[in-house]
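# Secondary and tertiary structure notes
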Amino acid sequence: MNFQWYPGHMTKAKRQMQEDIKLIDLVIELVDARIPLSSRNPDIDELGKNKYRLILMNKADLADKERTREWSAFFKKKGFFVVSLDARSKSGMKSITDIVMEACKEKIERDRKRGIKNRPVRAMVVGIPNVGKSTFINSYAGKACAKTGNKPGVTKGKQWIRLNKSVELLDTPGILWPKFEDQSVGLRLALIGSIKDEILNVDELAVELVKFLKAEYPGLLAQRYEVSEENDIIELISAVAVNRKCLSKGGEPDYSKAAALIIDDFRSGKLGNITLERPENILEE
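Below is a summary of the structure that appears in this document.

What counts and how
Residues numbered from 1 in each chain as written. Predicted model: local features only at pLDDT ≥ 70, side-chain atom pairs only at ≥ 80, totals over all residues. Heavy atoms only, no water. Salt bridge = Lys/Arg side-chain N within 4 Å of Asp/Glu carboxyl O. Helix = DSSP H or I, 4+ residues; strand = E, 2+ residues; numbered from the N terminus. Buried < 20%, exposed > 50% of the residue type's maximum accessible area, 1.4 Å probe, protein only. Phe/Tyr/Trp six-rings, centres within 6.5 Å; stacked < 30°, edge-to-face > 60°. Expected span 1.5 Å × (residues − 1). Arc of directions from axis to C-beta. Polar contact = N/O pair within 3.5 Å; in protein donor to acceptor, adjacent residues only side chain to side chain.

Take the pattern of salt bridges next. Per the counting criterion, the structure on display carries 22 salt bridges. In this structure, the salt-bridge partner of Glu70 is Arg67, at a minimum N-O distance of 3.1 Å. You can see Glu70 and its partner Arg67 sitting in helix 3 (residues 65-77), three residues apart, about one turn around the helix. By relative accessible area, which is 24% here, Glu70 ends up partly exposed. Residue class for Arg67 comes out buried when judged on its relative accessible area of 13%. In this structure, Glu168 engages Arg162 in a salt bridge whose closest nitrogen and oxygen atoms are separated by 3.6 Å. The structure contains a network of salt bridges with shared partners spanning Asp25, Lys107, Asp111 and Arg119.

Encoded structure:
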């Protein structure tokens, strides 16, 4: 599979961000805790290079907790403030304002010395599609002030949101970069649902996921689907089809149905806590 997906509104959104970045103090970047590096947009480091930075590793409830700790240490070493959270259940949300204040304490102190009091920290919320930005903003603000959807591309405009006396948020549309230099990044994004399923080959996607799980999380598929992991991947997915009654009209195993089931079970966390990449595999810059 070759992964490319860059809707036209994203080019416009990137230009808008280049303008808006001048107005803000802090960039809050949401990533998916299951793919913390692949779900980052490299453009954002360039756009926010002179700003304070906070990375929120969202959907941490679906990720491997040990890997999340490793990734948190990895980002902190690079100078980011980091919080792991699950925006839907609001787990990890309470500490965010304190960490925003901590990240911007130099700016707050500068303001105080100039006699500027009570100017809120202005933060821009960024992230690629489907990492949960709108859900985070709604949870943080305590009311539904940003549209949410589980499909990429629901947020298309920008809006300022006053959270409290201390913090104002600027929501931005999700941005993907135009070209994946590394197709494995595209694969991981496709697996978590950041690329529209309609343009993907779900059968091939399931093969890649099963291959990864057999290598990195042995026994997980056997436990969930009561299949033998000794089988080759095609046989294993066919066995899942039989065991889960994913059958065609003639009673034959429906391979595509079983493939979609495995991907859905991964995305929803039914397969367990899984992270698709490790920091020790990343070459240090």
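Okay, back to it.
Two descriptors summarise a pair of aromatic rings, namely the distance from one centre to the other and the angle between the planes of the rings. The full count for this structure, using the stated rule, is six aromatic pairs. With centroids separated by 6.1 Å and ring planes inclined at 50°, the aromatic side chains of Phe212 and Tyr217 adopt a geometry described as tilted. Taken together, the aromatic side chains of Trp71, Phe74, Phe75 and Phe80 make up a single cluster linked through ring pairs.

Across its 13 residues, helix 3 extends 19 Å between first and last C-alpha, which sits within 8% of the 18 Å expected from 1.5 Å per residue. Within the sequence span of helix 3, burial applies to Arg67, Thr68, Trp71, Ser72, Phe74 and Phe75. Projected down its long axis, helix 3 carries its buried residues within an arc of 160°, all on one side. Turned more than 90 degrees away from the buried face of helix 3 sit Lys65, Arg69 and Lys77, all of them exposed. Between the side-chain oxygen at the start of helix 3 and the backbone nitrogen of Glu66 there is a gap of 3.1 Å, and the oxygen is on Asp64.

Distances and angles like these do not, on their own, reveal function.
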